[in-house]
Amino acid sequence: SPFIINYSPEITVEPMAASGCPGDAVTYTVEATLEGDGVLEYTWYQVNNQGLPGALAESSNTLVVSNLTTAMDGFFYYVVVTANNTPNPDCAVTSEYAPLEVHQGGQLSCNDQVYISLDEMCQVGGVTADMFLEGEANPDFYSYELVGINDEPVNLDDPGDDNHISNYVGECITFKVMDICTGNLCWGTVCIEDALPPEPNCECETPFMIVDSFEGT
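A few points on the structure. Residue numbers here run from 1 along each chain, matching the order of that chain's written sequence. Only residues with pLDDT of at least 70 get local features here, since the model is predicted, and only at 80 or more are side-chain atom pairs given and counted; chain-wide, interface and lining totals rely on the full set of residues. Heavy atoms throughout the structure, all of them, feed into the side-chain values; hydrogens and water do not.

### Points about the packing of aromatic side chains
And then number 1: Ring pairs shown here join Phe, Tyr and Trp side chains whose ring centres sit within 6.5 Å, with only the six-membered ring taken for Trp; geometry is labelled stacked below 30 degrees between planes, edge-to-face above 60, and tilted in between. Applying the stated criterion across every chain, the model contains six aromatic pairs.
And then number 2: Arranged with centres 5.2 Å apart and planes meeting at 45°, the rings of phenylalanine 132 and tyrosine 144 form a pair that is tilted. One end of the pair, phenylalanine 132, is in the loop between β11 (113–117) and β12 (142–147); the other, tyrosine 144, is in strand β12, with twelve residues separating them in the sequence.
And then number 3: Exposure categories follow from relative accessible area, calculated using a 1.4 Å probe and restricted to protein chains: below 20% of the type maximum is buried, above 50% is exposed, and the middle band is partly exposed. Judged by its relative accessible area of 1%, phenylalanine 132 falls in the buried class.
And then number 4: By way of ring pairs, the aromatic residues Tyr45, Phe76, Tyr78 and Tyr97 are connected into one cluster. Secondary structure elements are taken from DSSP: a helix is a run of H or I of four residues or more, a strand is a run of E of two residues or more, and numbering for both begins at the N terminus.

### Quick look at unusual backbone geometry
And then number 1: The amide bond that connects threonine 86 to the next residue, proline 87, takes the cis arrangement and shows omega of 10°.
And then number 2: Note on placement: proline 87 falls in the loop between β8 (76–84) and β9 (91–94).
And then number 3: A positive phi angle, near 50°, is found at asparagine 67, a position not held by glycine.
And then number 4: Assignment of secondary structure puts asparagine 67 in the loop between β7 (62–65) and β8.
And then number 5: Look at asparagine 67 and you get exposed, because its relative accessible area is 57%.
And then number 6: Its identity is not glycine, yet asparagine 150 carries a phi of approximately 55°, on the positive side.
And then number 7: Here asparagine 150 lies in the loop between β12 and β13 (172–179).
And then number 8: A residue is classified by how much of its surface remains accessible, and asparagine 150, at 67% relative accessible area, is exposed.

### Structural notes on a nonpolar patch on the surface
And then number 1: A contiguous nonpolar surface patch, about 430 Å² in accessible area, is contributed by Met178, Ile180, Leu185 and Trp187.
And then number 2: When you line up the elements, isoleucine 180 lands in the loop between β13 and β14 (185–193).
And then number 3: Judged by its relative accessible area of 43%, isoleucine 180 is partly exposed. Patch membership requires more than 30% relative accessible area and the absence of a salt bridge. Residues of like charge join within 9 Å; the nonpolar side chains Val, Leu, Ile, Met, Phe, Trp and Tyr join within 5 Å. The Shrake-Rupley method, run with a 1.4 Å probe, gives the accessible areas here. Residue values count only the displayed protein chains as cover. Only one rule defines a salt bridge in this text: a Lys or Arg side-chain nitrogen within 4 Å of an Asp or Glu carboxyl oxygen.

Here it is in structure tokens:
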């Protein structure tokens, strides 16, 4: 009888962690390839907070988890990708576990005062909402804004704007943080600094004078 090779699938893109608010839907996706004539099949599993897995009805490479609840926070999802080689034996591989985070909400606590510095482009790169909150927080669940003159939101991107953040160097203004799931707010003050050291301008038109050292002086 001929020698038959049954190939196993190769997962090229693993499912990624997902997060959302209660009532939201999140999507998990896997990508796999297969040599030979087999057909790829997908079986998704949900692992609850007791570590118990359960098969789900979805049979494509994409799983949509709808109507999130806070009780689902900490669940994991994975998929078994099978090469259906009928009438020959099937071959299967299992993906990595992808966690789910469902935002719990609750009361916000902002820092009373924080400091941020402008870079050489008069920008504030890398600022996220969690920098203004007490304790650890997932910045995906929060938005923030800085408020300047006449309670107008401060522009963080366009230095040509009259209300750009560079106009507030040396001042302390108000920041607001909002929980995007619950709408809860907290606020405090943020002080804007230009932390870059000054650069000397040595393009002098007046010639410098060489001073010889004299003995006894």
